[in-house]
Amino acid sequence: MSTATAATAPTTLPLGKALNAGLRRALENDPKVVLMGEDIGKLGGVFRITDGLQKDFGPNRVIDTPLAESGIIGTAVGLAMRGYRPVCEIQFDGFIYPGFDQIVSQVAKLHYRTGGNVKMPITIRVPYGGGIGAIEHHSESPEGYFAATAGLRVVTCSNASDAHTMIQQAIASDDPVLFFEPKRRYWEKGQIDPAATGPLHKARVVAPGADVTVVAYGPLVTTALQAAKVAADEGRSVEVIDLRSISPLDVDTVAASVQRTGRLVVTHEAPVFLGIGAEIAARISERCFYHLEAPVARVGGFTVPYPPAKLEEHFLPDVDRILDAVDRTFTA
C-alpha cells in the first residue's frame, strides 16, 4: 500500500487518540495553529490527548502554560489578534470558570464589537461530564452557560469519527468554538476516515426508528443507543439523534424526525432545569405542535451540585431513565 493510500485509509482508534490525530493534522496543515494548556506538552495532558505533539512540533507550537485559565484564554485572544489559531485545553470542565469572564466578555464579543474586523479563531477544548469517579470540580457539564452566550459556537463529539473530523473543523473556523469532549468516552473505539468531511453544526441520525425520537449529545449518545437496543427487543422502534452542535442548534433534523415519530425525549448529563433540553423542547413544541402525540420528555441530571463519585450513578441518566421517559410519551 502506498503512503498516500495509507494516510487516507480508515483506521480504528479510541476517541482520545482520534482527537490526537485530528490535532496533529491541524498542526501539520497550518503553521499558525498553536496548542496551549496545562501539562499538555511533555506530559501530553492529563488524558494524554496531546501525547507526542510537543516532541514533534516543538514547545513554541505546543505550549505548557501556568495553572491560570484566565491567562490561557487572555493569551489566546492576543494570539488570535495577531493571526494565529490558538487551541486552548481546559484541563477539566470545572476549571473553566476562572476563564469564564475572558470567554464571554472578550472571546465572544470582539468580532461583533469591531464590526467584523477582528476575528477570534480560538478553539477551547473542554473534557466534560461525569462517569469516571472523579473528585469535586472534575465532572461538570457547563455547556449551557456558553450556548447562552451570543458569539460562541458550542459543539461536542460522541465518537471517534466525529472527534477526528470536528476538532479540525473547529480549528479551521474563524469563529470561537467551545469544543466539549466526553471524557468517559475517551477510550471507546471507533473507525475514523481521514478523508471524512461534513457540516460541523449538523445533527446526525445515528439509529433510525419509527415510534419515538431520542435526542442526545456527547457522552449520552452511547447510552441512548443502548436504550434503543433494549426498546427494540421489546418491540418499540427508537430513532436516536446525535445533536453534535449545541449552538447553533440543528432544529430541522430533530423536527423532521419528530414529524414522523410524533414523540420526543431529550437527554443530557447537565441538570434538566434550564438545560439544553428545555430549548429543544420549546422549539419542537412550537414547530411540531400538531405532530406531537405527547409532551416532550426530558431526562438529565438533578438540580444539585455534582455529587460525590460514589453517588454519581444515581445522578447520571442511564438506560432505565431514558426508557422510562420513552414509556411516558406513550401513556401521556
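Residues numbered from 1 in each chain as written. Predicted model: local features only at pLDDT ≥ 70, side-chain atom pairs only at ≥ 80, totals over all residues. Heavy atoms only, no water.

Asker: Account for the environment of Leu311, with residues named and values stated.
Answerer: Along the polypeptide, Leu311 turns up in the loop between strand 14 (297-301) and helix 12 (312-315). Given the relative accessible area of 40%, Leu311 is considered partly exposed. Here the alpha-carbon distance between Leu311 and Pro176, two residues 135 residues apart in the chain, equals 35 Å. (Helix = DSSP H or I, 4+ residues; strand = E, 2+ residues; numbered from the N terminus. Buried < 20%, exposed > 50% of the residue type's maximum accessible area, 1.4 Å probe, protein only.)

Asker: Please provide a residue-by-residue account of the environment of Lys310, values included.
Answerer: Counting through the fold element by element, Lys310 comes out in the loop between strand 14 and helix 12. For Lys310, a relative accessible area of 75% corresponds to the exposed category. The spacing of Lys310 and Gly300 is 10 residues in sequence and 18 Å in space, taken between C-alpha atoms.

Asker: How would you sum up the side chain of Thr261? Please name residues and give values.
Answerer: Within the secondary structure, Thr261 sits in helix 10 (residues 251-261). On the basis of relative accessibility, which here comes to 7%, the residue Thr261 falls in the buried class. A polar contact of 2.9 Å, which involves the side chain of Thr261, links it to the side chain of Thr213. Not counting chain neighbours up to four residues away, the residues in contact with Thr261 comprise Gly209, Ala210, Asp211, Val212 and Thr213. (Polar contact = N/O pair within 3.5 Å; in protein donor to acceptor, adjacent residues only side chain to side chain. Contact = heavy atoms within 4.5 Å.)

Asker: Quick rundown of helix 4 (residues 69-81)? Include the residues and the values.
Answerer: Along its 13 residues, helix 4 runs 19 Å from first to last C-alpha, staying within 8% of the 18 Å computed at 1.5 Å per residue. Taken together, the buried positions of helix 4 are occupied by Glu69, Ile72, Ile73, Ala76, Val77 and Ala80. Around the axis of helix 4, the buried residues are gathered within 140° of arc, so they sit on the same side. Where helix 4 is buried, its residues contact strand 2 (33-37), strand 4 (85-89), helix 5 (100-107), helix 6 (110-113) and strand 5 (123-128). Positive backbone phi, approximately 95°, marks Gly83, located one or two places after helix 4. (Expected span 1.5 Å × (residues − 1). Arc of directions from axis to C-beta.)

Spatial relationships are all this shows, so hold off on functional conclusions.
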